[in-house]
Amino acid sequence: MFEMMDGFLKNDPDSLQKDILHHVEYTVARSRFSFDDFEAYQALSHSVRDRLIERWHDTQQHFKKKDPKRLYFLSLEFLMGRSLSNSVVNLGIRDQCAEALSELGFEYEVLAEQVVNLIVCYFCEIFYFNYLSYMLFLKEGDAALGNGGLARLSACQMDSLATLDYPAWGYGLRYQYGLFRQIILDGFQHEQPDYWLNFGNPWEIERVHVSYPVKFYGTVKEDVVNGKECKVWIPGETVEAVAYDNPIPGYGTRNTITLRLWAAKPSDGCDIESYNTGDYINAIVNRQKAEIISNVLYPDDRSYQGKELRLKQQYFFVSASMQDIIRRFKDVHENFDDFPDKVALQLNDTHPSISIAELMRVLLDEEHLGWKKSWNILKQVFSFTTHTVLPEALEKVPVDLFQNVLPRHLEIIYDINFKFMEELKEKIGQDYARLSRMSIVEEGAVKNIRVANLSIVCSHTVNAVSRAHYELLKTRVFTDFYELWPEKFQFKTNGVTQRRWIVVSNPSLCALISKWLGTESWISDIDLLARLREYASNPDLQKEWTMVKKTNKMRVAEYIEAMSGVKVSLDAMFDVQVKRIHEYKRQLLNILGVIHRYDCIKNMEKSERKKVVPRVCIIGGKAPPGYEIAKKIIKLCHAVAETINNDEDVGDLLKLVFIPDYNVSVAELVIPGSDLSQHISTAGHEASGTGSMKFLMNGCLLLATADGSTNEIIEEIGAENMFIFGAKIHEVQALREKDSNVKAPLQFMRVLRMVRDGYFGFKDYFKSLCDTVENGKDFYLLGSDFASYLEAQAAADRAYVDKKKWNEMSILCTAGSARFSSDRTIEDYAEKTWGIQPCKCPF
Ligand code: 26R
């Protein structure tokens, strides 16, 4: 049955094949003589999972033995994507799996869904049921338990934590429905639920015995314990949190860490009364209500504020995680003196920040440590990273809501704030304006808890996600706090994992890099990539580099044709902007640029058109469901595409395509096949941006504004190898105040007029969209950046014509991407913020 070596499962193709057949028969319960792709996928996944579990047990045992300081990464969002291909790569068994499967008549690439089921997609698009393609035909759907940047960053960081052998745990929520699936009907976005668990999930392990009660509502009473006065919270509702563990394997190491996600289940004691009184139906209904807490991911929306369910989700996951963390600590420690030496708690944005009040509540009310001692522990364990510069994304919770759902926590927050205000008065005197800005409690018609202020006051470190973001935090967002505690503020520029973004998603580039560097070590030692610089102009490397890019572009072209029926030329420059749709990310600027290009081609003599560099402009991304303007941008993209793609005058010179349902798996396909990518947020609005780093690693040139992490990318790659344009961060304010007529060039007014006048149809519908960038509004400065945007685009065209030069730039992008590996980010955090050391499990 299972072939073992030194007590471990063997990884040669024969042993793997036996395991796969075993799982076909006993896990999937099919005959080993007749099973289909999906069943083969399941059996393969279970065989891989067995290997993960082995390593994972050993790692946990090892951590237990060594009792190092542990990092707990608390995040309400993780965008893990697919697990099979990633696990297989990190375990180093891709070739063995492929061989084992091929003898059974299956293709690894098909099962790992790295080859898209083209016929199905086209069929489904035609019948407007493209979401069915996932449900019926895909082997593994994405785990999309997050919205965008912050959530994918968490996933990359988990990969690096495992690979670098850090004793770390991720904690989050196991949403029944992840991020909505985007369906496009007639060019309009519609949202569909993401049924990601419907076909089972071999990558998680349900831990029915690991469960904790989580309390809500109720009242707070005074009590006396051991002669001391204390508070007791008498809850009004209890819900059970059950753990689901997702093993996260490191690359080139035995270390496999845990992402523990909580699901809400009715607590056993729930509504026993109704059973007793014979109200059987209501008892069942009430039990089901408990499960709502972990039902669905909140979209990154403006309108989330003050939602009771959101607050309950946050507390639910925080309370369960804290109970788990404290239980693990108490297993080996008798008192809390060592807590700060053994536990680092990382707050991924403000979403998990109630854990501050929760830890304080446990130390005060359950451990009876008293305020001074509890506070002393608390302020040594939390670190906070903020991921936004947008004031509207800073969470506020209405005090009334807090009072109702978490009465004891509100008291504690008031106490923390009172002491903080007293301390502050001593330092800054009676500056009431400043005191009120810094207060954790916002006074006003509706009183709010400012969760960011709570997080800053109670954390030992506040991290920004890029240097530019750090400067903005200091000078704009948290100036008062920076002046009070400059030493608390740091930045750790984001990074992405080269395992997922090169090795898994671009195997041919991976092989090419290893061949030229003469080693695969760069996969875990990314600085080695810099050695590619030496060969940037080598014609042999350039030739192979072009081949790799071409093959990847071919896959993208096939996908585009399958999804939209549009045929694109591989000679054209693939120009891609894929990310969440937001006004500040300026997809509208991109579309207006495409209209300008179209207009120019239309107005050219036929002979002139020969000089045009052909382009395929690709846009993809989800609009938050309640964000009207973002949805109109998607519709505009489709309307413009419809006109351009059907214009025979233009032909292959210009195509515009919208890729629906952008997610991690689509990114894995599209990024390797891009020539140029756009990161064009209005300067001062993108905290970091991580998409750019994935494109960079894949040798894709960047057309970008000097925003977020781009400034640091410029330092590594050199502005001469990029297309940088637009206002700088410090210029934006003055430009906003300038007269709008002076700012926007004629070309801008012209393309906007085409949209306004109904050139692409839907005249009335697009009016409000046009209004956002005209008539003195244009908050995001599309008009004033337009001329320099077009110049940057023209520079990209010129560069693309010189193939040798373009290839050299492309190679330099990959070679210069080392600094943007999440390995570097995590090592930085480990050393400067968390104070943790690697704890390597012996092989
Ligand atoms: C529901 C609500 C509270 C909410 C608002 C905003 C939930 C999630 C978000 C997403 C934000 C915080 C986000 O994803 N920020 C992005 O984080 C990336 C990783 O640091 C950055 O690269 C990116 O610039 C930033 O926008």
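When helices and strands are counted, the chain shows 36 helices and 26 strands. Against the 2.2 N^0.38 benchmark of 28 Å for 843 residues, the chain shows a C-alpha radius of gyration of 27 Å, consistent with a compact globule. When the backbone C-alpha atoms are referred to their principal axes, the chain occupies close to 95 × 75 × 60 Å. Here the chain holds 843 residues, and 62% of them are scored as buried. As presented, the chain carries roughly 32,500 Å² of accessible surface, and 52% of it is formed by carbon and sulfur atoms. Charge separation in the chain, taken as the distance between the mean sites of 100 positive and 116 negative side-chain charges, equals 3 Å.

A ring pair, where both rings are aromatic, is described by two values, the distance of the centres and the angle of the planes. On inspection of all chains with the given rule, the structure shows 34 aromatic pairs. On the basis of an interplanar angle of 85° and a centroid distance of 4.9 Å, the ring pair of Phe-329 and Phe-339 is categorised as edge-to-face. Highlighted residues: Phe-329 in helix α11 (residues 308-332) and Phe-339 in helix α12 (residues 339-342), separated in sequence by 10 residues. Of the two residues, Phe-329 and Phe-339, both sit in the buried class.

Around the ligand sit 20 residues in total, of which His-387, Asn-494, Glu-686, Ser-688 and Gly-689 are the nearest. The separation between an oxygen atom of the ligand and a polar main-chain atom of Ser-688 is 3.0 Å. Gly-689 has a polar backbone atom sitting 2.8 Å from an oxygen atom of the ligand. Compared with its free state, where it exposes 590 Å², the ligand has 93% of that area covered by protein. For the shell around the ligand, the element with the most residues is helix α8 (residues 149-163), which contributes 3 residues. Class assignment of the residues belonging to the shell around the ligand gives a composition of 7 nonpolar, 7 polar and 6 charged. Per-domain counts for the shell around the ligand show at least three residues from each of domain 1 (67-83 + 140-492) and domain 2 (556-803 + 816-828).

A few words on the sheet that holds strand β6 (residues 168-173). Across the sheet, 9 strands lie side by side as β9-β12-β13-β6-β3-β14-β15-β19-β20; this open sheet has mixed pairing. Because the sheet does not close on itself, it has two edges, and the strands there are β9 (205-216) and β20 (489-491). Each strand axis lies, on average, 25° off the axis of its neighbour in the sheet, ignoring direction.

You'll often see interface size given as the accessible area lost when the parts meet. If you check the domain split of the chain, you get domain 1 (67-83 + 140-492) and domain 2 (556-803 + 816-828). On a C-alpha basis, the centroid separation for the pair domain 1 and domain 2 is 36 Å. Each side of the interface is counted separately: domain 1 has 41 residues, and domain 2 has 44 residues. Counting each side, the surface lost to burial between domain 1 and domain 2 is near 3,500 Å², with a carbon and sulfur contribution of 56%. The tally of links between domain 1 and domain 2 comes to 3 salt bridges.

Our focus in this paragraph is the sheet that holds strand β24 (residues 676-679). If you trace the 6 strands from one edge of the open sheet to the other, you get β23-β22-β21-β24-β25-β26, paired in parallel fashion. The open sheet terminates on both sides in strands that have one partner only, identified here as β23 (654-659) and β26 (723-725). On average, each strand axis in the sheet is tilted by 15° relative to the strand beside it, whichever way the strands run. Pairing analysis gives 6 bridges linking strand β22 (residues 615-620) to β23, with the strands arranged parallel. By the bridge assignment, Val-616 is partnered in β23 with Lys-655.

Okay, the side chain of Glu-140 next. For Glu-140, the position within the fold is in the loop between α7 (130-137) and β5 (143-145). Buried within the structure, Glu-140 lacks any salt-bridge partner; Arg-82 is the closest side chain of opposite charge, at an N-O distance of 5.5 Å. Within polar-contact distance, the side chain of Glu-140 engages the backbone nitrogen of Leu-84 at 3.1 Å.

To continue, consider the pairing of β24. The alternating pattern of β24 places Leu-676 and Gln-678 on one face and Ser-677 and His-679 on the opposite face, and all of these are buried. As defined by bridge partners, strand β21 (residues 573-578) adjoins β24 across 2 bridges and the pair is classed as parallel. Across the sheet, the residue bridging to Val-576 is Ser-677, located in β24. Note: β24 against strand β25 (residues 701-705), 4 bridges, orientation parallel. In the strand pairing of β25, His-679 is matched with Ala-704. Remark: the β24/helix α28 (residues 691-697)/β25 crossover connection has right-handed handedness.

Right, let's get into the nonpolar core. Where a protein is soluble and globular, its nonpolar side chains tend to be buried together. Phe-216, Trp-262, Phe-316, Leu-359, Leu-532, Leu-592 and Phe-723 are the most contacted members of the largest nonpolar core, which totals 239 residues. Three or more residues apiece are contributed to this core by two domains, here domain 1 (67-83 + 140-492) and domain 2 (556-803 + 816-828). Residues contacting Phe-723, with those up to four places away along its chain left out, are Leu-676, Leu-701, Leu-702, Leu-703, Ala-704, Ala-792, Ala-795, Ala-796, Ala-799, Trp-806 and Met-809.

Where helix α24 (residues 587-602) contacts helix α32 (residues 746-756), the axes come no closer than 10 Å and their chain directions differ by 95°. With respect to α32, the element α24 is oriented roughly perpendicular. On the side of α24, the interface is formed by Leu-592, Ile-595, His-596 and Asp-599, while α32 contributes Gln-747, Phe-748, Arg-750, Val-751, Leu-752, Met-754 and Val-755. Each residue belonging to the contact of α24 with α32 can be placed in one class, and the counts come to 7 nonpolar, 2 polar and 2 charged.

With 95% of its residues at a pLDDT of 70 or more, the chain has an overall mean of 94. This stretch, residues 115-136, has a pLDDT under 50; its non-local contacts, to residues over four places away or in other chains, come to 35 contacts.

Summarising the element assignment, Ile-717 is placed in helix α29 (residues 710-717). Overall, the relative accessible area of 5% leaves Ile-717 in the buried class. Along the backbone, Ile-717 and Val-576 are 141 residues apart, and their C-alpha atoms lie at a distance of 19 Å. If we skip the residues at most four places from it in the chain, Ile-717 touches Leu-696, Met-722, Leu-812, Cys-813 and Gly-816.

Moving on, we come to the pattern of salt bridges. Taken as a whole, this structure holds 60 salt bridges when the rule is applied. Between Glu-686 and Lys-585 there is a salt bridge whose closest N-O contact spans 2.8 Å. Placement of Glu-686 in the loop between β24 and α28 and of Lys-585 in the loop between β21 and α24 is noted, with a sequence separation of 101 residues between them. When sorted by exposure, Glu-686 lands in the same class as Lys-585, which is buried. One salt-bridge network, in which partners are shared between bridges, spans Arg-207, Asp-245, Arg-260, Asp-324, Arg-327, Arg-328 and Asp-331.

Further remarks concern the pairing of β25. Buried residues dominate β25, accounting for 5 of its 5 residues. Residues Leu-701, Leu-703 and Thr-705 of β25 are buried on one face, and the alternating residues Leu-702 and Ala-704, pointing to the opposite face, are buried as well. Handedness of the crossover is the feature at issue here: the chain leaves β25, passes through α29, returns alongside β26, and the resulting connection is right-handed.

How each quantity is defined
- Residues numbered from 1 in each chain as written.
- Predicted model: local features only at pLDDT ≥ 70, side-chain atom pairs only at ≥ 80, totals over all residues.
- Heavy atoms only, no water.
- Helix = DSSP H or I, 4+ residues; strand = E, 2+ residues; numbered from the N terminus.
- Rg over C-alpha atoms; globule rule 2.2 N^0.38 Å.
- Buried < 20%, exposed > 50% of the residue type's maximum accessible area, 1.4 Å probe, protein only.
- Areas by Shrake-Rupley, 256 points an atom, 1.4 Å probe, with all protein chains shown as cover.
- Lys, Arg positive; Asp, Glu negative; His and termini not counted.
- Charge placed at Lys NZ, Arg CZ, Asp CG, Glu CD.
- Phe/Tyr/Trp six-rings, centres within 6.5 Å; stacked < 30°, edge-to-face > 60°.
- Near = heavy atom within 4 Å.
- Polar contact = N/O pair within 3.5 Å; in protein donor to acceptor, adjacent residues only side chain to side chain.
- Nonpolar A, V, L, I, M, F, W, Y, C, P; charged D, E, K, R; others polar.
- Domains from an automatic or database assignment.
- Pairing = 2+ DSSP bridges.
- Axes fitted to C-alpha atoms, helices over the stretch in contact; angles between N-to-C directions.
- Contact = heavy atoms within 4.5 Å.
- Buried area = accessible area lost by both parts, 1.4 Å probe.
- Salt bridge = Lys/Arg side-chain N within 4 Å of Asp/Glu carboxyl O.
- Right-handed = clockwise from strand over helix to strand, strands pointing away.
- Core = buried A, V, L, I, M, F, W, Y, C linked by side-chain atoms within 4.5 Å.
- Parallel < 35°, antiparallel > 145°, perpendicular 65-115°, else oblique.
- pLDDT = per-residue confidence, 0-100.

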